[in-house]
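Take a look at the letters that make up each chain.
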Amino acid sequence: MYLLTNPATTSCGIYIITIKRMAFELGYTIEAVNCLMDRFINNHQLIRYNPDTRELALKNWGKYPY
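This one's a predicted model, so the numbers in the text were calculated from it and none came from an experiment.

J.: What is the right way to look at the pairing of strand β3 (residues 55-58) in this model?
T.: Consecutive residues of a regular strand have side chains that alternate between opposite faces of the sheet. Going residue by residue along β3, you find L56 and L58 tucked away on one face and E55 and A57 left uncovered on the opposite face. With 3 bridges connecting them, strand β1 (residues 14-16) and β3 associate as antiparallel partners. Of the residues in β3, the one forming a bridge with Y15 is L56. Inspection of the sheet shows strand β2 (residues 47-50) paired to β3 by 4 bridges, in the antiparallel sense. When the bridges of β3 are listed, I47 appears paired with L58. The hairpin turn running from β2 into β3, its antiparallel successor, is 4 residues long, and R54 in that turn takes a positive phi close to 60 degrees.

J.: Explanation requested: the side chain of T9 in the structure shown.
T.: Topologically, T9 is positioned in the loop between α1 (2-5) and β1. A polar atom in the side chain of T9 sits 3.5 Å from the backbone oxygen of L3. At 3.0 Å, the side chain of T9 and the backbone oxygen of N6 are in polar contact. In this structure T9 touches L3, L4, Y15 and W61, once residues within four positions along its chain are discounted.

J.: Whenever I open this one, the sheet that holds β3 confuses me. Can you help?
T.: Read across the open sheet, the 3 strands follow the order β1-β3-β2; overall the sheet is antiparallel. Both edges of this open sheet fall to β1 and β2, since each of them pairs with a single strand only. Shown here is a sheet whose adjacent strand axes are inclined to one another by a mean of 15 degrees, direction ignored. Contacts between helix α3 (residues 30-43) and the sheet are confined to β2 and β3, with β2 contributing the most and set at about 120 degrees to the helix.

So, how was this worked out
- Residues numbered from 1 in each chain as written.
- Predicted model: local features only at pLDDT ≥ 70, side-chain atom pairs only at ≥ 80, totals over all residues.
- Heavy atoms only, no water.
- Buried < 20%, exposed > 50% of the residue type's maximum accessible area, 1.4 Å probe, protein only.
- Helix = DSSP H or I, 4+ residues; strand = E, 2+ residues; numbered from the N terminus.
- Pairing = 2+ DSSP bridges.
- Polar contact = N/O pair within 3.5 Å; in protein donor to acceptor, adjacent residues only side chain to side chain.
- Contact = heavy atoms within 4.5 Å.
- Axes fitted to C-alpha atoms, helices over the stretch in contact; angles between N-to-C directions.

Now the structure itself:
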């Protein structure tokens, strides 16, 4: 839900956000956010994250109304 509704979210489902910012806004440790990101990237294949450009893309973003 956070990935769909955080302040950095754009209308196309691709936006720039850092792991550190996600951890701060969620109240989790950076390690916990990395673990969650790994799960959503590799197990569920719902997101893509480029750590060099800090861009996050949500698969099928338009399917999820918020």
